[in-house]
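Each chain is listed here by its residues.
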Amino acid sequence: MPTMKRCALPDPSGFFEIRFESIGGLGAHAAGQILARAAVLKMNLNGAHFSSYGSEKKGSVVRSYIRLGAAEKPIRTSAPIDSPDVIVVFHGALMEQDVTMAGMKDSGTLIFNGAVDEVHEKLELIPCGTQIVRIDAMNIAVEELSRPNAVMLGTLTRTLPFLDADIVLKALTEKFAHRNPQAAAANERAFLRGAQEFELLEGVGKGTGDLPVIRPSPVLGYETAPIGGVIPYPGNTVSNDLSTSRTGLMPLFKEQDCIHCGSCATVCPDFCLVWSHEEGKVEKTNGDSAVTVRLKGIDYQYCKGCMRCIETCPTEAMTRVTETPGLADQLRVPLFAQSTPTN
Ligand code: SF4
Ligand code: SF4
């Protein structure tokens, strides 16, 4: 097994900066809180933590920032972290976007949530000096009835020797001990597996030097908006793509078990179930032709993985599976003849 590069806290004049790239529902914000709290209250470090996220609780992009420094180094900035020492990617789909890995340092560490053998093509852009760590956080979380944030915290503390893993684990346990003791025990198991079951990937990053910083800005501003506020190219929900809203799990449709009752369609909030309408297949008693409606599958472009269809299905024709790279594309039944994701 390759030797792990252990990141050290910088000299007292600098900060050690960590950026979590995640999707609402995976627990990145809570993980950042736990880490910063443990560092400040129990490890004699200075620290700051904050997150940025959209209006939705689940499914939108979340960035969580942790800035740490020596006790004598005051932290007087709350600016987003552009060039982190460590980037932790909680969802593999985020690696499609250049902004996820923006500012990655050649001397830094990238930890990503990925299944065994998963090597995203964008990892080639990572600087060749960056330590790349893969952890199958979603599968571990499912097996331990925990969440990926507990696993990712375990892996992260293993790469940062100045963080005391026992203290971070204790902080994680304390957060849930009163609310849900069972969750606390599950998180502990997930954390310990995260600290042990990661893999170091060598020879994957081919970039030279630090990756450039990207600061996303609105497409339209006061200088670029068309006169009168007209939007010449309005958006269309047909081209929307909700696949990044799925937090590692997806519904799987088994046609052979389906009785085409339609229960799933009554609860699906995004109308992503695809039905066939076959006229004339059933004759009503009065002789009129009728329409047979049958469920064909799921258009995963619009499925946000809420799992309501699974909860309502009376025959287990819908089941919950871990999403592996390419699975949704392979099983997708398109709702429209042409619908190309634009985001
Ligand atoms: S609820 Fe289950 S059985 Fe009914 S249509 Fe949906 S998948 Fe088929
Ligand atoms: S998980 Fe099921 S109910 Fe939820 S959006 Fe996807 S298909 Fe619809």
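Source: prediction; values computed, not measured.

Draft legend 1. Main features of helix α4 (residues 165–177). With 13 residues, α4 extends 18 Å from end C-alpha to end C-alpha; this agrees with the ideal 18 Å at 1.5 Å per step. Burial in α4 covers these residues: Val168, Leu169, Ala171, Leu172 and Phe176. Projected onto a plane normal to the axis of α4, the buried residues spread over an arc of 155° and lie on a single side. Seen from the open side of α4, the exposed residues pointing more than 90 degrees away from its buried face are Asp166 and Lys170. Considering only its buried residues, α4 is in contact with α1 (28–42), α3 (148–159) and α5 (181–196). Where α4 begins, the side chain of aspartate 164 points an oxygen toward the backbone nitrogen of aspartate 166, at a separation of 2.9 Å.

Draft legend 2. Highlighting the sheet that holds strand β3 (residues 61–70). Taken together, 7 strands build an open sheet; the order of strands is β2-β3-β1-β4-β5-β6-β7 and the sheet is mixed. Two strands in the sheet have a free side with no partner beyond their single neighbour: β2 (45–53) and β7 (199–201). On average, adjacent strands in this sheet sit at an angle of 20° to one another, irrespective of strand direction. Relative to strand β6 (residues 131–135), strand β5 (residues 109–113) is paired through 5 bridges, and the arrangement is parallel. Across the sheet, the residue bridging to leucine 110 is isoleucine 132, located in β6.

Draft legend 3. Local environment of the site of ligand 1. Every one of the 15 residues lining ligand 1 counts as a neighbour, but Cys258, Cys261, Gly262, Cys264 and Cys313 are closest to it. A breakdown of the residues in the shell around ligand 1 according to their chemical character gives 11 nonpolar, 4 polar and no charged.

Draft legend 4. Expanded view of the packing of aromatic side chains. For the structure shown, the criterion picks out 4 aromatic pairs. Between the aromatic rings of phenylalanine 20 and phenylalanine 90, the centroid separation amounts to 5.2 Å while the plane-to-plane angle is 55°, which identifies the pairing as tilted. With phenylalanine 20 in strand β1 (residues 16–23) and phenylalanine 90 in the loop between β4 (86–89) and β5, this pair connects stretches of sequence that are 70 residues apart. Among the residues examined, phenylalanine 20 registers a relative accessible area of 1% and is labelled buried. Here phenylalanine 90 falls in the buried class, since its relative accessible area comes to 1%. Pairing phenylalanine 50 with tyrosine 65 gives two aromatic rings, centres 5.0 Å apart and planes at 35°, and the pair type is tilted. Of this pair, phenylalanine 50 sits in strand β2 while tyrosine 65 sits in strand β3, and the two are 15 residues apart along the sequence. Given the relative accessible area of 24%, phenylalanine 50 is considered partly exposed. You can call tyrosine 65 buried: its relative accessible area is 7%. Here lysine 73 stacks its cationic end above the ring of phenylalanine 15, 4.9 Å away from the centre of that ring.

Draft legend 5. View of the nonpolar core. In terms of nonpolar packing, the biggest core is built from 80 residues, with Ile18, Phe20 and Met318 touching the most fellow members. Take this core: its biggest share by element is 7 residues, from α1. Taken together, domain 1 (16–201) and domain 2 (237–331) each give at least three residues to this core, which thus spans both. Those residues in contact with phenylalanine 20, other than ones at most four positions away along the chain, are Ala28, Ala31, Gly32, Leu35, Val62, Arg63, Ser64, Ile66, Val88, Phe90 and Leu156.

Each value, and the rule that gives it
- Residues numbered from 1 in each chain as written.
- Chains lettered and ligands numbered in written order.
- Predicted model: local features only at pLDDT ≥ 70, side-chain atom pairs only at ≥ 80, totals over all residues.
- Heavy atoms only, no water.
- Helix = DSSP H or I, 4+ residues; strand = E, 2+ residues; numbered from the N terminus.
- Expected span 1.5 Å × (residues − 1).
- Buried < 20%, exposed > 50% of the residue type's maximum accessible area, 1.4 Å probe, protein only.
- Arc of directions from axis to C-beta.
- Contact = heavy atoms within 4.5 Å.
- Polar contact = N/O pair within 3.5 Å; in protein donor to acceptor, adjacent residues only side chain to side chain.
- Pairing = 2+ DSSP bridges.
- Axes fitted to C-alpha atoms, helices over the stretch in contact; angles between N-to-C directions.
- Near = heavy atom within 4 Å.
- Nonpolar A, V, L, I, M, F, W, Y, C, P; charged D, E, K, R; others polar.
- Phe/Tyr/Trp six-rings, centres within 6.5 Å; stacked < 30°, edge-to-face > 60°.
- Lys NZ or Arg CZ within 6 Å of the ring centre and 35° of its normal.
- Core = buried A, V, L, I, M, F, W, Y, C linked by side-chain atoms within 4.5 Å.
- Domains from an automatic or database assignment.

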